[in-house]
Amino acid sequence: MSVGVTISAPLTPTSDTGTVPSAFSPVDYVVFVLLLVLSLAIGLYHACRGWGQHTIGQLLMADRKMGCIPVALSLLATFQSAVAILGVPSEIYRFGTQYWFLGCSYFLGLLIPAHIFIPTFYRLHLTSAYEYLELRFNKTVRVCGTVTFIFQMVIYMGVVLYAPSLALNAVTGFDLWLSVLTLGIVCSVYTALGGLKAVIWTDVFQALVMFLGQLAVIIVGSAKVGGLGHVWDLASQDGRISGIELDPDPFVRHTFWTLAFGGVFMMLSLYGVNQAQVQRYLSSRTEKAAILSCYAVFPCQQVTLCMGCLIGLVMFAYYKENPRNIQHQAAPDQLVLYFVMDLLKDLPGLPGLFVACLFSGSLSTISSAFNSLATVTMEDLVRPWFPQFSDVRAIKLSRILAFGYGLLCLGMAYISSQMGPVLQAAISIFGMVGGPLLGLFSLGMFFPCANPPGAIVGLLAGLAMAFWIGIGSIVTSMRSGMLPSPWNGSSTSLPSNLTTITMTTLMPSTTLSRPAGLQRLYSLSYLWYSAHNSTTVIVVGLIVSLLTGGMRGRTLNPQTIYPVLPRLLALLPMSWQKRLHCKSYSQDFSVDTAVFPEKMSNGMLKGSRDKEATPVAEEGPAHQGSSPTFILQETSL
């Protein structure tokens, strides 16, 4: 099935009755303001508790004493933003349930971080994920990774900050940019003052608000159309329930393979190497708690995806049973909010609860971003160059950085208002920039022969490929006259055939006529962006590393390598392992800190300074320890 082409268009409201209200009731405003006040109160509580006695570890890492449940809910809330709350139901309403198969990618997308990335990062006792890059390669690679992450998150925060403000403007007429400013300042204040612990506990509260807001829409909506069974029947009759589309074509927007396997790479770029998530893992009190938090996210993600998809189906069934004319202007990503206001108009408090749900999604995401941006800037760009910073000065600077990033993201919100529908816009940005970062970490962790020149050239090649395809697809869409419709809906009315909006996304979706040549490359499904770009980094990085001599003459810290081959061989029967002369493997290393740099409290690596670790001769006493055994085991087959 070709998504957006063979599915019939959603039933368009036709009558003049039941217009959507344009303002909140007093109860709705109370619910909405209560969200902001409680979020701010939680942040200020953790800021005031022990004021003057905070350490930089407490501010940035919650003193590494968090339990698995709050960490898991924070992990969920961080990227379950208003982007997904607005985008997923709209996707289901317009194109059917094919997107639901994205849940298949959650299994590997969370299992791999739990057993590969988290143990590696946790045992290195990192604060910033990009400290790993200096331990594995050198300081230059670390700085390149940090700058790339900052660029990625600042752009993404513009999208997340703008989305809920758009929602509030659509339903209440409240000034759009005043709401952006309010949201940004509230979030910046409690993030800067309360640190990571405040961010995690506000995430827990906001995750519950998001759950209640979506659940209320599903219950009320399904009750008004005769139950979820009737909703499913209506969707089936109209071809809205998608089967498993096994088309392997990566240029088809959504197929089973695209969602289930392309989505894995997207999940890995989020839950495996993104600082906002890694920082939460590392704040856990034990490595086991960090791994359990990753496992706990899996059912929560599935429930959240199901709720978003059910809202889309309920919205479809509701407008089929109750045709109405939505007189307000509506871009695709405003459909959910207009539906909610139409559905809940006679139930004071519930519209406010849903808008609070949207703002919770945005607050949880941007607070995590501000905190992680301040952390990487402090740990990767400031403290290594100014090691004399005391804890008091470091705390002050970290808070200033968090608040400064909040102000920067306010400016990026305006740029995001010029982009296309929020769901694909946000995911595409993560694919364009998150993919190369995933490739950089994978290159270091899985390939012992990769060296610093290969890592830098590979990262640059991945970024170049990402922006080449991304910008090329945008330009191609513009030349075809398929400009994204403005989010504020000031000049675009609700179209009579919403399947045409499949062409107004940031990245091209399924087209009616297949392009040829280079134009076809620009139509690559946005969910393959992370896979394509991370693979580019790995391939180019390996080629350059081999051409420049690999790790010959350089020290390789065994704790920075995940032994893929020994792990796979360990699954074989013992008799086969003996025939292959496989050596046993253990991750309990006794690493010589005189050879391998060790992290210091000021963010530097002991002995690294401005030069690489001391080279070790290929033969001699230094190769009598356990680390060479690791390298030999890696190549023993």
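Definitions and cut-offs
- Note that residues are indexed from 1 along each chain, following the sequence as it is written.
- Only residues with pLDDT of at least 70 are given local features in this predicted model, and only at 80 or more are side-chain atom pairs given and counted; all residues enter the totals for whole chains, interfaces and linings.
- Calculated side-chain values reflect all of the structure's heavy atoms, with hydrogen atoms and water omitted.
- Helix numbers and strand numbers start at the N terminus; a helix is a DSSP run of H or I with at least 4 residues, a strand a run of E with at least 2.
- Accessible area is worked out with a 1.4 Å probe on protein chains only. A residue is then buried under 20% of its type maximum, exposed over 50%, and partly exposed in between.
- Note on definitions: a residue-residue contact is assigned when non-hydrogen atoms from the two residues lie within 4.5 Å.
- Note on areas: these come from Shrake-Rupley sampling with a 1.4 Å probe, and a residue is covered only by the protein chains present in the view.
- Confidence of the predictor at the level of single residues is given by pLDDT, which spans 0 to 100.
- Only buried Ala, Val, Leu, Ile, Met, Phe, Trp, Tyr and Cys residues count toward a nonpolar core, and they belong to the same one when joined by side-chain atoms within 4.5 Å.
- When the centres of two rings from Phe, Tyr and Trp lie within 6.5 Å, Trp using its six-membered ring, the rings pair. Their planes under 30 degrees apart give stacked, over 60 give edge-to-face, and anything left gives tilted.
- The convention used is that axes are lines fitted to C-alpha atoms, helices contributing only their stretch in contact, and that angles between N-to-C directions extend from 0 to 180 degrees.
- Note: crossing handedness is left-handed where the near helix turns anticlockwise from the far helix by less than a right angle, and right-handed where it turns clockwise.
- In this classification, the charged set is Asp, Glu, Lys and Arg, the nonpolar set is Ala, Val, Leu, Ile, Met, Phe, Trp, Tyr, Cys and Pro, and all remaining amino acids, among them Gly, are polar.
- We define a polar contact as two N or O atoms separated by no more than 3.5 Å, with the added condition that, inside protein, one atom must be a possible hydrogen donor and the other a possible acceptor, whereas residues neighbouring each other in sequence contribute only through side-chain atom pairs.
- Salt bridges are counted wherever a side-chain nitrogen of Lys or Arg sits within 4 Å of a carboxyl oxygen of Asp or Glu.
- For patches, a residue must show more than 30% relative accessible area and have no salt bridge; joins then use 9 Å for like charges and 5 Å for nonpolar side chains, namely Val, Leu, Ile, Met, Phe, Trp and Tyr.

Asker: Could you give an account of the overall build of the protein chain, naming the residues involved and the relevant values?
Answerer: Helix and strand counts for the protein chain stand at 22 helices and two strands. Taking all 637 residues of the protein chain together, 59% fall into the buried category. A separation of at least 24 residues holds for 86% of the contacts in the protein chain among residues at least 6 apart in sequence. As displayed, the protein chain has an accessible area near 23,700 Å², and 66% of this comes from carbon and sulfur atoms.

Asker: Just give me the short version of the confidence of the model for the protein chain, but keep the residues and values in it.
Answerer: Of all residues in the protein chain, 74% have pLDDT values of 70 or greater, and the mean over the chain is 76. The low-confidence segment residues 607–637 (pLDDT under 50) makes 47 contacts with residues lying over four places distant or belonging to another chain.

Asker: Would you mind going over the nonpolar core in detail, with residue names and values included?
Answerer: One finds Phe121 and Phe339 to be the most contacted residues of the largest nonpolar core, which totals 149 residues. Excluding residues within four positions of it along the chain, phenylalanine 121 makes contact with Leu126, Tyr132, Gly272, Val278, Leu282, Phe441 and Met445. By size, the runner-up hydrophobic cluster in this structure holds nine residues, among which are Phe251, Ala466, Leu524 and Ala531.

Asker: How would you sum up the packing of aromatic side chains? Please name residues and give values.
Answerer: In total, this model carries 19 aromatic pairs according to the counting rule given. The interplanar angle of 65° and the centroid separation of 6.4 Å between the aromatic rings of tyrosine 93 and phenylalanine 316 together place this pair among those described as edge-to-face. Here the residue tyrosine 93 occupies a position in helix H4 (residues 82–95), and phenylalanine 316 occupies one in helix H12 (residues 287–321), the gap between them amounting to 223 residues. Comparing tyrosine 93 with phenylalanine 316 shows no difference in burial state: the two are buried. Centroid distance phenylalanine 117 to phenylalanine 446: 6.4 Å. Interplanar angle 65°. Geometry classified as edge-to-face.

Asker: Explain the packing of helix H8 (residues 176–224) against helix H14 (residues 350–382) to me, and be specific about the residues and the numbers.
Answerer: Where H8 meets H14, the closest approach of the two axes is 6 Å, and the angle between their N-to-C directions is 145°. Like other packed secondary-structure pairs, H8 and H14 cross with a definite hand, here left-handed. Taken together, the residues of the contact of H8 with H14 sort by class into 20 nonpolar, 14 polar and one charged.

Asker: Let's hear about unusual backbone geometry: which residues, and what values?
Answerer: Excluding glycine, a negative phi dihedral is what most residues carry, and trans is how most peptide bonds are arranged. Positive phi values are uncommon outside glycine, yet aspartate 63 reaches one of about 60°. Phi at arginine 64 takes a positive value of approximately 55°, unusual for a residue other than glycine. With respect to the helices and strands, the residue arginine 64 is situated in the loop between helix H2 (56–61) and helix H3 (68–79).

Asker: Hey, could you go over the packing of H8 against H12 for me, with residue numbers and the actual values?
Answerer: Relative orientation of the contacting elements H8 and H12 amounts to 35°, with a least axis distance of 9 Å. Our pair here, H8 against H12, has a crossing hand that is left-handed. Listed contacts from H12 to Phe211, Gln214, Leu215, Val217, Ile218, Gly221, Ser222 and Lys224 of H8 are Val303, Met307, Gly308, Leu310, Ile311, Val314 and Tyr318. Looking at the contact of H8 with H12, its residues break down into 10 nonpolar, four polar and one charged.

Asker: An account of the side chain of glutamate 134 is requested, with residue identities and associated values reported.
Answerer: Within the element layout of this structure, glutamate 134 appears in helix H6 (residues 131–136). Glutamate 134 sits in the buried class, given a relative accessible area of 6%. Only 2.5 Å separates the side chain of glutamate 134 from the side chain of arginine 142, close enough to count as a polar contact.

Asker: Summarise the environment of leucine 59; cite the residues concerned and give the values.
Answerer: Secondary-structure assignment places leucine 59 in helix H2. Judged by its relative accessible area of 5%, leucine 59 falls in the buried class. The spatial distance from the C-alpha of leucine 59 to the C-alpha of alanine 198 is 9.0 Å, given a sequence separation of 139 residues. Once you skip the residues sitting within four places of it in the chain, leucine 59 turns out to touch Ala192, Leu193, Gly194, Gly195, Leu196, Asn371, Ile395, Ser398 and Arg399.

Asker: Let's hear about the pattern of salt bridges: which residues, and what values?
Answerer: Scanning all chains against the criterion turns up nine salt bridges. Residue glutamate 91 is joined to arginine 253 by a salt bridge in which the shortest nitrogen-to-oxygen separation is 2.6 Å. Here arginine 253 lies in the loop between helix H9 (228–237) and helix H10 (256–271) and glutamate 91 lies in helix H4, a separation of 162 residues in the sequence. Like glutamate 91, the residue arginine 253 is buried in the burial classification.

Asker: Now, about a nonpolar patch on the surface: what can you tell me, with residues and values included?
Answerer: A cluster of nonpolar residues, Phe174, Leu178, Leu181 and Ile185, forms a patch on the protein surface that exposes about 300 Å² of accessible area. Tracing the chain through its elements places leucine 181 in helix H8. Residue leucine 181 is classed as partly exposed on the basis of its relative accessible area of 38%.

Asker: Quick rundown of the environment of aspartate 380? Include the residues and the values.
Answerer: If you trace the backbone, aspartate 380 turns up in helix H14. The class for aspartate 380 is buried, based on a relative accessible area of 2%. Separated by 249 residues in the primary sequence, aspartate 380 and glutamate 131 place their C-alpha atoms 7.1 Å from one another. Apart from the residues within four sequence positions on either side, aspartate 380 is in contact with Ser128, Tyr130, Glu131, Arg142, Thr146, Thr375 and Trp385. In this structure the side chain of aspartate 380 is engaged in a polar contact, spanning 2.6 Å, whose partner is the side chain of serine 128. Among the polar contacts made by the side chain of aspartate 380, one reaches the side chain of arginine 142 at a distance of 2.7 Å.

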